[in-house]
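Architecture at a glance
One letter stands for each residue in the lines below.
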Amino acid sequence: PFNEPGARLVLLLQDKGGVKPNVDNRNSYRVFVNVAQDPDPNEAMPVTPIVLTDMGGVRQTATGANAPGGYLATNDDVDRFSFEVTGTGRQIIYLRLTGPNPIPTPPPPYQLAYVLKDPMGRTFAEGNMDNNLLPIDLSTARISAGPGTYSLEIKGYRSPNMPNAVVGGSLNTRYAIDLRIMPDVDMQEPNDTKATAKVVSPLGVGQSTTLVGRISSVPDEEWFVVRLPASSTHAALRYRLTPTMTGGRFPPLSMTPGRQLRVLRTVSQGAGPCRQSAAVCPKGYEDDVVQQALVDGFCNSSGGALCLYAEHTETQRFTDLKNLDGVIPIPPHPSEQAELFITVSDPGRRAQKWADDREYTLFLSVEDDTDETTRGTGATVASISGTSSTVTGRLSHGFGRLVNDYDPNTGQGLRGPSDYQAVPTDIDTFQLNFPAMTVGDQGWSLEWETDTLDGGTQVPGELTLDLNFCAADAGAGTALGCPGPKLTLAFTGEARAPWYAGQSFANAVMLFREEQLPGRRRVTLQPVACGCFPASNVSEGRFFVGVGGANRLTSDPIVYRLTQSTLPYPLTYQRDGGATATCPVTDGGCRFVQ
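Just so it is clear, the structure is predicted and the values come from calculations on it, not from any experiment.

1. Overview of the overall build of the chain
For the chain, the count of helices and strands is four helices and 34 strands. Each principal axis of the C-alpha distribution contributes one length, and for the chain these read about 115 × 70 × 50 Å. Residue burial in the chain is summarised as follows: out of 594 residues, 45% are buried. In the chain, 80% of the contacts between residues at least 6 apart in sequence involve partners at least 24 apart. Carbon and sulfur atoms form 52% of the exposed surface of the chain, whose accessible area is close to 29,800 Å².

2. Some points on unusual backbone geometry
Peptide bonds are trans in most cases, and residues, glycine excluded, mostly fall at negative phi. In this chain, Asn 101 is followed by Pro 102 through a cis amide linkage whose omega measures 10°. Put simply, Glu 189 and Pro 190 share a cis peptide bond, and its omega is -5°. Within the secondary structure, Pro 190 is located in the loop between strand E11 (174-183) and strand E12 (198-200). Within the chain, Met 437 stands out as a residue other than glycine whose phi angle is a positive 75°.

3. Brief notes about the pairing of strand E5 (residues 78-85)
Of the pairings in the sheet, the one linking strand E1 (residues 48-49) to E5 comprises two bridges and is parallel in character. Directly across from Thr 48, in E5, lies its bridge partner Phe 81. Note: E5 against strand E10 (residues 148-156), eight bridges, orientation antiparallel. Note that in E10 the partner of Val 78 across the bridge is Lys 155.

4. Let's talk about a nonpolar patch on the surface
Residues Phe 2, Leu 9, Leu 11, Leu 13, Tyr 29, Val 31, Val 33 and Val 35 make up a contiguous nonpolar surface patch of about 900 Å² in total accessible area. By the element assignment, Val 33 lies in the segment before E1.

5. Regarding the sheet that holds strand E24 (residues 428-433)
The sheet built from five strands is open, its strands ordered E21-E24-E31-E26-E27 with mixed pairing. Strands with a single pairing partner mark the edges of an open sheet, and in this sheet they are strand E21 (380-383) and strand E27 (486-490). Here the average twist between neighbouring strands, direction ignored, is 25°. Strand direction decides the pairing type here: strand E26 (residues 462-469) and strand E31 (residues 542-550), joined by eight bridges, are antiparallel. By the bridge assignment for E31, Leu 467 is matched with Val 545.

6. Some thoughts on the packing of aromatic side chains
Taken as a whole and judged by the stated rule, the model has 14 aromatic pairs. Centre to centre, the rings of Tyr 94 and Phe 250 are 4.7 Å apart; their planes meet at 15°, and the pair counts as stacked. You can see Tyr 94 sitting in strand E6 (residues 91-98) and its partner Phe 250 sitting in the loop between strand E15 (235-247) and strand E16 (260-266), a full 156 residues away along the chain. For the pair shown, Tyr 94 and Phe 250 are each scored as buried. Three or more aromatic residues joined by ring pairs form one cluster here, namely Phe 434, Trp 444, Phe 469, Phe 533, Phe 543 and Phe 592. Here the guanidinium or amino end of Arg 521 rests over the ring plane of Phe 491, the centre of that ring lying 5.5 Å away.

7. Some points on the state of the cysteines
A full pass over the atoms with the stated rule returns five disulfides. Two residues, Cys 274 and Cys 299, share a disulfide whose sulfurs are 2.0 Å apart. Between Cys 274 and Cys 299 the sulfur-sulfur dihedral comes to about -70°; the bridge is accordingly left-handed. With Cys 274 in helix H1 (residues 271-276) and Cys 299 in helix H2 (residues 289-299), the pair connects residues that are 25 residues apart, well separated along the chain. By relative accessible area, Cys 299 is classed as buried at 1%. At a sulfur-sulfur separation of 2.1 Å, the disulfide partner of Cys 281 is Cys 307.

8. Concerning the pattern of salt bridges
For the structure on display, the rule yields 30 salt bridges. Of the charged contacts in the structure, one is a salt bridge between Arg 238 and Glu 367, with a shortest N-O distance of 2.9 Å. Here Arg 238 is found in strand E15, whereas its partner Glu 367 is found in strand E20 (residues 358-368), with 129 residues between them in sequence. Of the residues examined, Glu 367 reaches a relative accessible area of 26% and is grouped as partly exposed. With a shortest N-O distance of 2.7 Å, Arg 262 and Glu 311 are connected by a salt bridge. With Arg 262 in strand E16 and Glu 311 in strand E17 (residues 306-313), this residue pair connects regions lying 49 residues apart in the sequence. Relative accessible area serves as the criterion here: at 7%, Glu 311 is assigned to the buried category.

9. Some points on the sheet that holds strand E13 (residues 208-214)
With antiparallel pairing, four strands are arranged side by side in an open sheet as E13-E20-E15-E18. If you trace the sheet from one side to the other, it starts and ends with E13 and strand E18 (325-330), each paired once. Strand-to-strand twist in this sheet, taken as the mean axis angle between neighbours without regard to direction, amounts to 20°. Bridging between E15 and E20 involves 10 bridges; their strand directions are antiparallel. Counted as the bridge partner of Arg 238 is Ser 365 from E20.

10. Here we look at the nonpolar core
One finds Phe 224, Val 226, Leu 261, Ile 328, Ile 342, Leu 362 and Leu 364 to be the most contacted residues of the largest nonpolar core, which totals 42 residues. Elements with a contribution of two residues or more to this core: E6, strand E14 (222-226), E15, E16, E17, E18, strand E19 (340-345) and E20. The residues contacting Leu 364, other than those within four sequence positions of it, are Leu 203, Gln 207, Ser 208, Thr 209, Leu 211, Val 226, Arg 238, Tyr 239 and Ile 342. Among the nonpolar cores identified, the runner-up in size contains 40 residues, and Ile 384, Leu 446, Val 545 and Tyr 569 belong to it.

11. Quick look at the pairing of strand E32 (residues 558-568)
Here is the key point about a regular strand: its side chains alternate between the two faces of the sheet. Both strand E22 (residues 389-395) and E32 contribute to a ladder of seven bridges, which runs antiparallel. Looking at the pairing, Val 391 lines up with Leu 562 of E32. Sheet topology note: the strand E25 (residues 442-451)/E32 ladder contains nine bridges and is antiparallel. Counterpart to Leu 446 in the pairing with E32 is Gln 564.

12. Let's talk about H2
Residues of H2 that are buried include every one of Gln 291, Val 295, Asp 296, Phe 298 and Cys 299, and no others. Down the axis, H2 shows its buried residues gathered within 160° of arc, on one side only. Exposed side of H2, more than 90 degrees from the buried face: Val 289, Val 290 and Ala 293 are the residues found there. The backbone nitrogen of Val 290 lies 3.0 Å from a side-chain oxygen of the residue at the head of H2, namely Asp 288.

13. Topic: the environment of Pro 160
Within the fold, Pro 160 resides in the loop between E10 and E11. Its relative accessible area of 65% is what places Pro 160 among the exposed residues. Placed 326 residues apart in sequence, Pro 160 and Lys 486 show a C-alpha to C-alpha distance of 58 Å.

Definitions and cut-offs
- Per chain, residues are indexed from 1 in the order of the written sequence.
- Totals for whole chains, interfaces and linings use every residue, but because this is a predicted model, local features are given only for residues with pLDDT of at least 70 and side-chain atom pairs only at 80 or more, for both listing and counting.
- Neither water nor hydrogens contribute to the side-chain values; these are computed over all heavy atoms in the structure.
- Numbering of helices and strands starts at the N terminus; helices are DSSP runs of H or I of at least 4 residues and strands are runs of E of at least 2.
- Relative accessibility decides the category of a residue: with a 1.4 Å probe and only protein chains considered, values under 20% of the type maximum give buried, values over 50% give exposed, and everything between is partly exposed.
- Contacts are assigned to residue pairs with any non-hydrogen atoms lying within 4.5 Å of each other.
- Surface exposure here means Shrake-Rupley accessible area, sampled with a 1.4 Å probe, where a residue is shielded only by the protein chains that are shown.
- At least two bridges found by DSSP between two strands is the condition for calling them paired.
- Patches in this entry comprise residues that are over 30% relatively accessible and not in a salt bridge; like charges within 9 Å are linked, as are nonpolar side chains (Val, Leu, Ile, Met, Phe, Trp, Tyr) within 5 Å.
- Here, a salt bridge means any side-chain nitrogen of Lys or Arg that lies within 4 Å of a carboxyl oxygen of Asp or Glu.
- What counts as an axis is a line fitted to C-alpha atoms, over the stretch in contact for a helix, and the angles between N-to-C directions run from 0 to 180 degrees.
- Here a Phe, Tyr or Trp ring, Trp counted by its six-membered ring, pairs with any other such ring whose centre lies within 6.5 Å, and the pair is stacked when the planes are under 30 degrees apart, edge-to-face when over 60, and tilted otherwise.
- For a Lys NZ or an Arg CZ to count as sitting over a ring, it must be within 6 Å of the ring centre and within 35 degrees of the ring normal.
- Criterion for a disulfide: a pair of cysteine sulfur atoms at a distance within 2.5 Å.
- Put simply, buried Ala, Val, Leu, Ile, Met, Phe, Trp, Tyr and Cys residues joined by side-chain atoms within 4.5 Å make one nonpolar core.
- The directions considered for the arc run from the helix axis to the C-beta atoms.
- Pairing of N or O atoms within 3.5 Å defines a polar contact, subject to two protein rules: one partner must be a possible hydrogen donor and the other a possible acceptor, and residues neighboring in sequence count only if both atoms are side-chain atoms.

Shown next, in the form of structure tokens:
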């Protein structure tokens with residue numbers, strides 16, 4: 001750039017030199033010189049003031065062709081602007097920088113960057129384009145530091161690895177500024193930290209509340225604290241976050257929303273027990289080291305140990321996923337329950353943060369879990385014999401368990417790809433006793449039914465049966481199981497080889513049958529599966545079944561009925577075509593459970 005009238009510019013071309021000069025008397029060169037008017041109107045003054053006009057309570061710049069903006073026309077060009085923040089209370093500063101779309105040819109030789117500084121000259125926001133082949137589009141929303149004169153610098157990005165590199169300019173790329181200043185109208189603020197968490201009215205069994213908030217800036221963590229009055233019965237806390245289209249005084253900072261919902265509980269015992277004891281802080285991460293690090297990190301919180309009960313992260317990759325919804329168990333507590341914290345925030349994706357200023361609703365309710373209260377602390381005892389017997393239950397909470405190769409990355413159901421829940425599923429444990437004097441292998445008839453939602457065809461999730469068989473050489477059992485052999489059953493719509501056949505596709509048959517009945521779904525273990533109990537397990541007189549939920553589609557309770565009976569083994573069944581077959585005896589008996 002130059003602005004001296006009548007200036008004489010001298011252009012010197014020569015060999016770079018070195019140990020000896022280089023000479024080329026074969027190849028000619030040309031010099032092209034073009035003197036152009038600098039298109040950037042901001043060069044006339046060191047700092048350009050930005051004019052803001054009140055539009056319904058939002059002070060903002062003009063739009064369209066009248067929007068303020070400029071050019072980074074020359075090497076290392078920096079454009080400086082100033083604007084005023086007035087008024088009292090929390091003010092939100094929204095900034096968006098845009099450029100031509102599609103990008104000009106050739107593209108600008110820079111990645112546009114910005115720096116926002118408060119009246120004290122401190123940087124409180126900055127950003128840059130990922131590369132110069134993208135249309136210019138940068139935005140942020142920040143809480144102001146109070147009234148005063150703020151500054152905005154717009155320049156080309158210079159990598160820290162190349163601090164002395166020259167950033168080129170462009171005469172064909174104009175950027176536009178969209179600046180808005182508005183009061184923060186979120187009635188829940190200030191609640192950006194655990195210390196300033198919004199206190200929710202104590203929620204007893206049968207009570208509920210709905211909170212309304214906004215994510216209007218970055219970062220904007222929303223903290224709520226729930227206190228539960230003393231209770232002698234089991235209960236469940238239901239929570240559901242619902243985004244709305246209400247509000248939104250500026251466009252979302254990203255086209256990909258990223259709300260995150262967490263449920264945490266204070267741990268008075270300290271960080272060590274929080275990390276190490278499942279009784280103090282339930283662990284649902286199994287072998288996932290990433291989620292274990294997340295849980296341990298909250299246990300080590302500087303402001304006091306917190307147990308992470310649930311984390312749900314919104315993703316727009318899957319339109320059917322409805323995972324900002326869950327239920328956690330609340331055991332009986334003789335005094336007021338330790339504080340429960342609910343947080344709503346945007347975790348961000350690298351430098352890309354998200355806010356939309358739109359209202360969301362957070363529904364909280366405490367529901368009575370009578371089924372869990374009646375079960376007590378041990379297994380529910382029932383009998384299994386030649387006469388069909390049925391046990392029933394209601395699974396009130398849990399969404400984390402996955403079976404039969406269910407993949408959360410497919411975007412189905414209630415669980416997101418990176419979601420976490422400390423208690424994967426409510427487990428109802430039953431002790432099934434064989435009649436006295438029962439000996440020998442026993443054939444097993446098994447079916448279960450699950451109620452559908454609102455009388456339709458959808459069930460809240462799959463049922464799983466964790467079977468625990470007592471064995472004479474396994475040692476003494478407990479009220480919740482034996483250290484004997486274990487097996488997990490769940491419905492699969494795929495053909496599989498039964499236990500007595502070679503494990504190959506050629507031997508695969510349908511081991512389960514699914515039936516859709518009015519208001520319920522029934523799953524039956526087929527006779528061809530030759531379900532049975534070996535004599536060694538039968539002689540112990542009992543086995544245990546842990547009924548749980550998996551592959552959740554909703555957080556609604558799973559209401560089920562489990563029906564079983566036994567007959568002396570081996571049983572007979574009909575093959576396809578009507579021929580009768582007899583279940584095999586392998587290695588001297590039944591081996592279904594081993």
